[in-house]
Structures are given as C-alpha cells and as structure tokens.
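A closer look at the structure
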Amino acid sequence: KEVQRSDSRAHEARKAMAKQEIAPLSSSQPDLDVLAVLGVIHRVLVVLVIAIAAICLCGWLIPRLGDIIPRRDMMKANTAVMILLCGVSIVLSEPRRTQIAVQISRLLAGISTALAAVLVFERLSGVTFRIDTLLAADASSPQPGRVSIEACGTLFLVGLVLINLRARKRFLSSAVDFVTLCIVLLMLTMASRYAFGISHLFEESLRNPMSVPTFVCASILTWIVVNRRAEYGAFSLLIGSQIGAKTTRVAAPCAIILPFAFAFAGALAVRFHLLSSTVAIATATSTLAVCAFSLVLALGGKINALESAIRELSLRDELTKLYNRRGFYVLAEQALRLAQRAGESFFVLFIDVDGLKQINDELGHEVGSELLRSMAGLIEHTFRETDVIGRIGGDEFVIAGRADAHNADNPVRRLQEATALENSMPGRPFSLNFSLGYVLSDETQSASLEQLVQKADEIMYEAKRAKQCLRPDAAEVVA
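What counts and how
- Residues numbered from 1 in each chain as written.
- Predicted model: local features only at pLDDT ≥ 70, side-chain atom pairs only at ≥ 80, totals over all residues.
- Heavy atoms only, no water.
- Helix = DSSP H or I, 4+ residues; strand = E, 2+ residues; numbered from the N terminus.
- Buried < 20%, exposed > 50% of the residue type's maximum accessible area, 1.4 Å probe, protein only.
- Areas by Shrake-Rupley, 256 points an atom, 1.4 Å probe, with all protein chains shown as cover.
- Patch = residues over 30% accessible without salt bridge, like charges linked within 9 Å, V, L, I, M, F, W, Y side chains within 5 Å.
- Salt bridge = Lys/Arg side-chain N within 4 Å of Asp/Glu carboxyl O.
- Phe/Tyr/Trp six-rings, centres within 6.5 Å; stacked < 30°, edge-to-face > 60°.
- Core = buried A, V, L, I, M, F, W, Y, C linked by side-chain atoms within 4.5 Å.
- Contact = heavy atoms within 4.5 Å.
- Pairing = 2+ DSSP bridges.
- Axes fitted to C-alpha atoms, helices over the stretch in contact; angles between N-to-C directions.

1. As for the overall build of the protein
Regarding its fold elements, the protein presents 16 helices and four strands. The burial tally for the protein puts 39% of its 479 residues in the buried class. For the protein, the exposed surface amounts to about 27100 Å²; the carbon and sulfur share of it is 63%.

Below is the structure:
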C-alpha cells in the first residue's frame, strides 16, 4: 500500500508539472544575465510598438490629429488594432504573470489572429465583410482602409505564436517554432524589398503596400517573439549559458546580416554605375563565400579549442593542477615510446608524501590539501617541462621522462636540494617529507610503463619501511 501511495503521489506530481508547464531541470540552463538584458529591451520595444500603433489609430479616429500626421504614411486603423492587441498580449504573457493574465493574453492574441484571418480570407476570396471600413476609411486610398496582404499574413502568424507562446510539448512546440521561422522569413523578405527597392512582392501589394510604421512594428514583434520563444522552444540556444550558446549569439547575427550587407552594397554599386550588374553579383557572391568560409574556420577553431580544453580537464587533477592518473599514463606512455624509439634512457620517480594522515587529523584537511599543493609546486618547479608529472593517488606523485644514463641521480638530487631549501623557510605549519623510489630504464630494455611504475613503487615502499624501522618519528627524505 505504501508503494502504491508513493507511485500515486509521483503520478500526481508529474501531472501537476505537465499542467503548469514546468520545465525539468537540466544542465542546459539559460543565462540569467542575458535574460535580464533581454527583459529590459523587450519592455522598451513593446512600449514603442504600442505607442506607434496607438498614435496611428488616434490619427484615424481623431480628425485634428489626422491632419497633423500624413495619413498616407500611417498604418491602417485595422493594422493598428491588431498590433495593439499583440503588444498587450506580450505584456500580459511575461514571466511571473498570473494564470488569469496569461489567459487574457491568449484571448487578445486570438482576437488579433481571427481579425487577420478574416482579412486574409477577404483578399483571397474577394468576399468583403466591410471590416476595412469598420473603424476608419481612407478616402484617399484606392482601397479605403484595406490592410496590406503582407501585414495580414505577418500578424496572423504572430498571433498564432502568441497564443501558444509557452508551448513545451514536443509536437506543438516544434510547430510553434516552425511558424516563428516563417515569420522571420517573411520579415527578411520584406526587408529585402525595402533594401533593394522592389516595388512589390505580391500583385496586390503594388496597389496597397505595407507602410513603414507597420514594417517597423512587425519587425519589432518578430524580434520579441523569437526571443520569447527562446525560453521554451528550439531557440533556447540563443539565451543559453554554455559556450556554444555564446558562440551562436555572435555567429547568428553575422549569418543574417552579411548576405543583406553584401547584396545591398552590390545594388548600390550598380545604381551609381560603379559596377555592372553581373560583376556586382559575382563580387558580392564571392565576398560572401569568403566571409562564410572564414566564419566556418573560426567556429572550427573554437570547437577544437573547446575539445582540447575538455580533454585537458579530464587529464588534470583538480587540487594540484598536475596530471591525474589517466593523464599521467596517457602522456608518459607516449614519452616512453619516443625514448625507446630514439634509443634513450627513461626514468620513473615514485614519491609518497609522509605524514599526510597525521596532518589531516591534527591540523585539518585544508592544511593537508595545502601540503599536497606545496609538494606539487615543488615537483613542478624542480623538474623539466618535458617531464610528465602526475598525482596518481591521495599522497602519491609520479614523474617520468627521458634521462641521462651517465647522470642518473640528478633528478633525485635536485628534488632533495629543493626540499631542503623549502623546509628552511619559516612560517609554515608543516615540513615537506617524503619517501621515493627511482627506476632507470636504459636503451637496451623494453620494460613497459606499468612495470617501471610498479618497480619504482616497490623501491619507494622499501625505503619507507627502512625509514620507519630506523627512526619511527623521523621526517627525512630517503631515496
């Protein structure tokens, strides 16, 4: 019965999580600093969109204000209403809003979507519901009050996304992300129209083009929708805290802006008769290809650097920053093979720190850790950069590298001298004491690294036993 109750509670908890759309914890969490900056930018842009739409709507409803603002440059009244509904919907859908506010947000987005859908239907079917002149008619326009087909389509898609802004379920979330990409594609196409002076994209837009305020508001809404979907869907890479996310935030704007920049530069060159259209296209295309290739090389180098950093972290001991057991054997094995191939001697030095347990018990583990770090620093400064140094146990260090057979005792002597100098310095709560075992493999031997380390360990153990037998309380170095 207890098991059944536990399973029932777990099932209810999963249902509650799914109902409240709570995302499970993962290592891929958003960058809180990025979210904070985006939150401020969102609020400013939403206020700007609402202000532009409200001014345009008032310009249609208030004749005196309409005389001040040229109506031919304003967005249509129906467009202003839909943009206002989308802006308020975004405000009410922000994080930490109540459930009622979220429901109202979806309702407003639904009204905007329905209105845009009716207007699109009117354009495609030719049937009119007189919505164009419901609020205000534009007598100076060949089609009074009629919203452009691009604005209708964009606001329809934006409304769909706002209705399902917090969707997390796999199929629905993927569908909403796809619609978001369609909005981005549509707005980039509209940006191309303004950038390259295209008179119209569709046949009807020739007679009723999208106004500049409508384009600005639609572009802002698109940017906000993409960033808001990044908190829930496939665009989460844009706000992540990982290195890949940071790289994406740099590369994505380049990937979007560069094609427009080069195409626009080519169009200007043709317009001012600096280049022919064929030469301009060829130059812009080749330059863009070189930039894209350079970006790929930069990303590849970044990935290689990250891979090297990850490999280095997996081979390093966190406390001493020396190689760990795995790192030591990987690099020392390679060094041994190179020495055997070159016909040179190879040495292995096995060190065991004395008194670490006693220091941990009497002075604390922090002092014991400081002892190990001091020992690691001493070894690192004593031996050559070409030698492989590792900490393969709690108080065990191993050094391996090429050696001079005629001066086999040099590594041991250097370490003993450095230890005596270190211990002579005052103000430390401990002194460095250790036992070691030294093995030298000449060029005629074919011993493996495992055998050399094992032999050095055995010699070290015998030296430690001899030290304990002669002077149990001693603190001297025995080689």
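After that view, the rundown keeps rolling.
2. Considering a nonpolar patch on the surface
Together, Phe272, Leu274, Leu275 and Val279 make up a nonpolar patch on the protein surface, roughly 410 Å² of accessible area in all. With respect to the helices and strands, Phe272 occurs in the loop between α10 (243-271) and α11 (277-315).

3. Looking at the packing of aromatic side chains
Enumeration according to the criterion identifies three aromatic pairs in this entry. On the basis of an interplanar angle of 85° and a centroid distance of 5.5 Å, the ring pair of Phe328 and Tyr329 is categorised as edge-to-face. The class for Tyr329 is buried, based on a relative accessible area of 16%. Measuring from ring centre to ring centre gives 5.9 Å for Phe347 and Tyr438, while their planes differ by 25°; the resulting arrangement is stacked. Within this pair, whereas Phe347 is found in strand β1 (residues 345-353), its partner Tyr438 is found in strand β4 (residues 434-441), the two being separated by 91 residues in sequence. Judged by relative accessible area, which is 1%, Phe347 ranks as buried. The rings of Phe347, Phe383 and Tyr438 are connected pair by pair, giving a single aromatic cluster.

4. A word on the nonpolar core
One finds Ile83 and Leu162 to be the most contacted residues of the largest nonpolar core, which totals 45 residues. Elements with a minimum of two residues in this core: α2 (32-61), α4 (77-92), α5 (99-125), α6 (149-163), α7 (170-196) and α9 (212-229). Ignoring anything within four residues of it in the chain, the contact list for Ile83 reads Val49, Ala53, Met75, Leu155, Cys217 and Leu221. One finds Phe397, Val412, Phe430 and Tyr438 within the second-largest nonpolar core, a separate group that totals 27 residues.

5. A word on the sheet that holds strand β2 (residues 388-391)
Read from one edge of the open sheet, four strands run β2-β3-β1-β4, paired in antiparallel fashion. Of all the strands in the sheet, just β2 and β4 have a single pairing partner and so form its edges. Looking at each pair of strands side by side, their axes are set apart by 15° on average, direction ignored. Relative to strand β3 (residues 396-403), β1 is paired through eight bridges, and the arrangement is antiparallel. Looking across to β3, one finds that Phe350 is bridged to Val398.

6. With respect to the pairing of β2
Of the two faces of β2, both are covered, the one formed by Val388 and Gly390 as well as the one formed by Ile389 and Arg391. In terms of strand pairing, β2 meets β3 through four bridges, oriented antiparallel. Residue pairing in the sheet places Arg391 in a bridge with Phe397 of β3. Taking the residues between adjacent antiparallel strands as the criterion, β2 and β3 are bridged by four residues.

7. Brief notes about the pairing of β4
Burial runs high along β4: seven of the eight residues are buried. Pairing geometry for β1 and β4, over eight bridges, is antiparallel. Within β4, the residue paired with Val353 across the bridge is Phe434.

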